[in-house]
Amino acid sequence: MQHWQQPSYEPYLPVTEKSNPITRDIDRANPEEIVQMLQKCDAEIFERTSHGNPMYQTLCSSSVVQTIVEVSKRVEVILKDPEDSLIVLSGCGTSGRIAFLLATSLNRWLASHHQKQIYSYIIAGGDKALLTSQESPEDDPFLGALTLDKACVGKKHVLFIGISCGLSAPFVAGQLDFCLRNLKIITPVLIGFNPVDMAREIAERMNELQKQKKAYVLNPAVGPEAISGSSRMKGGSATKVILETILLAGHEAACNNKAITFNGILHSLNKFEKVHQITYSHTKELAALVEKAAVSLRRKGHVYYLGWQTLGIIGIIDASECIPTFGAGFEDIRGFVSNGFSEMNNKEGDLSSLGPHFIIDHKDFVHTILPNLSDNDTVIFLYSENDDLNEVSALAKSVRQHTSNLHAIAHELTGLSDPDRMRSQFMAVLTIKWPSSLHKYNPVLMKQHCELSTKWCLNAISTGAHVLTGKVYMNYMIDLRVTNSKLYRRAIHILKRFTGSTQAYCETALLRAIYGIEELSDGMSSTNVTQHTLVANERGSVVPIALVMLQSRGTIAEAKSYLDAYSVIRDAVAACQRLL
Ligand code: F6P
């Protein structure tokens, strides 16, 4: 049995919030070790057995595969009769971004085949949340329900797929509650990665309805995240694998009359496992990119992902979560996509007027970033053989005039391009060669595999770089932004974990750091969590400050001066403990 599956292992935490034993010492690891740890963590997504623990099902458990079959058949029905029908994919943060990516990609595919576009996506916080973290709407169940209600106007058949990796987002819970009140029109599906009894009561109600095929819950355990609670990583990848398996099976059944079978679904999941193996067979090259990115961050430089088509969007998604996860600055890691918002094809259109966080086009990169680019910055191109390689070369040439620190992650799909020509443009190219046996020249499958592979590479680069610059403590995101109730609970848990202090003591320290005062007024302590998180949104480093205060029994000012003196948070804590 895996260590984390033992009933005695952090029993008070759901799987998605537990700390993964594999990465316990990730903050002391070198780049290659970091990548190897991530490889093992991601391999848990495809774990075949729950080692006899009845509490957990895995992605390949027969009950999970069977549910995937059932949901795929629902997709088939909708695709065959698209009039007045809709498939809605919805979630918060990375879960909403994955929903967006799939819905827009599949709509584009449908349009190119002259079929009705039946997908829609919802992300808590609206399209702004595609590029920046907007955590507070996640706490609002009414907003979730209202947004879904609007999306369903005039529809007679709706398949709603709500994603919440932790099965904990009130926004999604509100939507599911709305679905359960409208079961004649809507079939709800919940995707997440905790057992239902560790989740909200709504998941239990849906589980009951599954017996009557009125609702479905897909909740395999895929193991704790490499950085505790960071569901952008395994959660996001597993969501992508499950949804793509469902949707592709539905499409092939509707368009090519290919029957949806248990074995067919298993076969598709196995292919994604192969994508994992192929991607991580490049450990050394990936570790070199992690190192380069870390050096840039250490020198106060930047990491820029410049991607084509959906690979650019994967870059933007990866960059967007670094700010709330690691307390990173928005300039630290940024993503750009060729053709910007026309490539995004998001509902609210071009958002670039909202400010610098929403500048995402390669052209913007050329105008605003390129003139000041230096060797301190790491630039990583993301492209596949199917992109316009002349355009890739031209941009590479411009970048090379400012920095030699230019790299690429390139996907070779058919072997028809001239890899040597491209290789000479970069300091190094991580070339991932896809055997044709895996995608059988199916363009949708090729794209899905390249995207997931790129996601794994970029998650490793951004996580590894922040780990190497001291932004995590063991495998905890110590400098997280405390901007909703889940993150508030996580912050208190982290403080308890490292100080051994009581819940009340840790919460008081956190609130002192949030409000920036030594003595809390009665009003402050009794205010609700939402109010605290709104104030925390405006402050940086509240958890590290609270941690150092608790360890040193010092003031806020003293805690800040320790943190200023040490860039590695673990070192700041050790230093203040030495003085006690
Ligand atoms: O609250 C922020 C966040 O943790 C994001 O990092 C994550 O992508 C999002 O919430 C969604 O979480 P979940 O899928 O568990 O609802």
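All of these numbers come straight from a predicted model, not from anything done at the bench.

1. Quick notes on the sheet that holds strand β7 (residues 333-337)
Taken in spatial order, the 5 strands of this open sheet run β7-β6-β8-β9-β10, and their pairing is parallel. Among the strands making up the open sheet, the edge pair consists of β7 and β10 (428-433). Pairwise comparison of adjacent strand axes, ignoring direction, gives a mean angle of 15° for this sheet. Sheet analysis places strand β9 (residues 406-412) next to β10, joined by 6 bridges and oriented parallel. Within β10, the position partnered with Glu412 by the bridge is Lys433.

2. Thoughts on the environment of Ile313
Following the sequence through the fold, Ile313 ends up in helix α11 (residues 309-320). Separated by 42 residues in sequence, Ile313 and Gly355 place their C-alpha atoms 18 Å apart. When near neighbours in sequence (up to four residues on either side) are disregarded, Ile313 contacts Phe100, Leu101, Val337, Glu343 and Met344.

3. Observations regarding the site of the ligand
If you check the shell around the ligand, you find 15 residues, and the closest are Thr94, Ser95, Ser164, Cys165 and Gly166. Here an oxygen atom of the ligand and a side-chain polar atom of Glu138 are 3.1 Å apart. Within the contact set of the ligand, an oxygen atom lies 2.8 Å away from a side-chain nitrogen or oxygen of Lys486.

4. Some remarks on the packing of aromatic side chains
According to the stated counting rule, one finds 12 aromatic pairs in the structure shown. With 6.4 Å between their ring centres and 55° between their planes, Tyr304 and Phe336 make a pair best called tilted. Of this pair, Tyr304 sits in strand β6 (residues 303-307) while Phe336 sits in strand β7, and the two are 32 residues apart along the sequence. The two residues Tyr304 and Phe336 agree in class, both being buried. Ring centres of Tyr383 and Phe426 lie 6.2 Å apart, and the angle between their planes is 25°; this geometry places the pair in the stacked category. You can see Tyr383 sitting in strand β8 (residues 378-384) and its partner Phe426 sitting in the loop between α16 (419-423) and β10, a full 43 residues away along the chain. Note on accessibility: Tyr383 and Phe426 belong to one class, buried. Ring pairing ties together the aromatic residues Trp308, Phe381, Tyr383 and Phe426, which thus form one cluster. One residue, Arg497, lies across the ring of Phe498, its end atom 5.1 Å from the ring centre.

5. As for the confidence of the model for the protein chain
Of the residues in the protein chain, 98% reach a pLDDT of 70 or more, and the chain-wide mean stands at 93. Our summary of model confidence lists the complex with pTM equal to 0.96 and ipTM equal to 0.97.

6. Re the packing of helix α5 (residues 141-151) against helix α6 (residues 170-180)
Across the interface, α5 lies against α6 with an axial gap of 6 Å and an inter-helix angle of 50°. By the angle between their directions, the pair α5 and α6 is classed as oblique. Two packed elements cross with a definite hand, and for α5 against α6 that hand is right-handed. Two secondary-structure elements touch here, α5 through Pro141, Leu143, Gly144, Ala145, Thr147, Leu148 and Asp149 and α6 through Pro170, Phe171, Gly174, Gln175, Phe178 and Cys179.

7. Here we look at the sheet that holds strand β4 (residues 186-191)
Spatially, the 5 strands line up as an open sheet ordered β2-β1-β3-β4-β5, and their pairing is parallel. This sheet does not close on itself; its edge strands, each paired only once, are β2 (119-123) and β5 (216-218). Sheet twist, expressed as the average angle between the axes of neighbouring strands with direction ignored, equals 20°. Most of the contacts of helix α3 (residues 94-112) go to β2, to which it runs at about 160°, and overall it touches β1 (85-91), β2 and β3 (157-163). The sheet contacts of helix α7 (residues 201-210) involve β4 and β5, and relative to β5 the element is tilted by about 115°.

8. Focus: unusual backbone geometry
Of note, the phi angle at Asn257 is positive, near 55°, even though the residue is not glycine. Position of Asn257 relative to the elements: it lies in the loop between α8 (234-256) and α9 (262-280). The backbone of Met474 sits at a positive phi, close to 50°, despite the residue not being glycine.

9. Side note on the nonpolar core
Counting 150 residues, the largest nonpolar core has Leu89, Tyr119, Tyr305, Ile409, Ile461, Leu510 and Val543 as its most contacted members. The element contributing the most residues to this core is helix α18 (residues 443-468), with 11 residues. If sequence neighbours within four positions are ignored, Leu510 has contacts with Tyr488, Ala491, Ile492, Leu495, Val542, Val543 and Ala546. By size, the runner-up hydrophobic cluster in this structure holds 28 residues, among which are Cys152, Val158, Leu167 and Ile202.

Cut-off values and rules
Per chain, residues are indexed from 1 in the order of the written sequence. At least 70 in pLDDT is required for a residue's local features to be given in this predicted model, at least 80 for side-chain atom pairs to be given and counted, and no such filter applies to totals for whole chains, interfaces and linings, which use all residues. Excluded from the side-chain calculation are hydrogens and water; included are all heavy atoms of the structure. We treat two strands as partners when DSSP finds at least two bridges between them. Runs of E in the DSSP output that reach at least two residues are strands. Runs of H or I that reach at least four are helices, and both are numbered from the N terminus. Axis angles are defined between N-to-C directions and span 0 to 180 degrees, where every axis is a line fitted to C-alpha atoms and, for a helix, only to the segment in contact. Any two residues having at least one pair of non-hydrogen atoms within 4.5 Å are treated as being in contact. Residues are counted as near a molecule or strand when any one of their heavy atoms sits within 4 Å of it. Two N or O atoms count as a polar contact when they lie within 3.5 Å, although within protein this holds only if one can serve as hydrogen donor and the other as acceptor, and sequence-adjacent residues are included solely when both atoms are side-chain atoms. When the centres of two rings from Phe, Tyr and Trp lie within 6.5 Å, Trp using its six-membered ring, the rings pair. Their planes under 30 degrees apart give stacked, over 60 give edge-to-face, and anything left gives tilted. Per-residue accessibility, obtained with a 1.4 Å probe over protein chains only, is compared with the maximum for each type, and a residue is labelled buried under 20%, exposed over 50%, and partly exposed between these values. For a ring to carry a charge above it, either NZ of a lysine or CZ of an arginine must fall within 6 Å of the ring centroid while also lying within 35 degrees of the normal to the ring plane. The quantity called pLDDT is the predictor's confidence in a given residue, expressed from 0 to 100. Here the angle decides the label: under 35 degrees means roughly parallel, over 145 means roughly antiparallel, 65 to 115 means roughly perpendicular, and every other value means oblique. Each crossing is labelled by how the near helix is turned from the far one, with a counterclockwise turn of less than a right angle marking it left-handed and a clockwise turn marking it right-handed. Take the buried residues of types Ala, Val, Leu, Ile, Met, Phe, Trp, Tyr and Cys, join any two whose side-chain atoms come within 4.5 Å, and each joined set is a nonpolar core.

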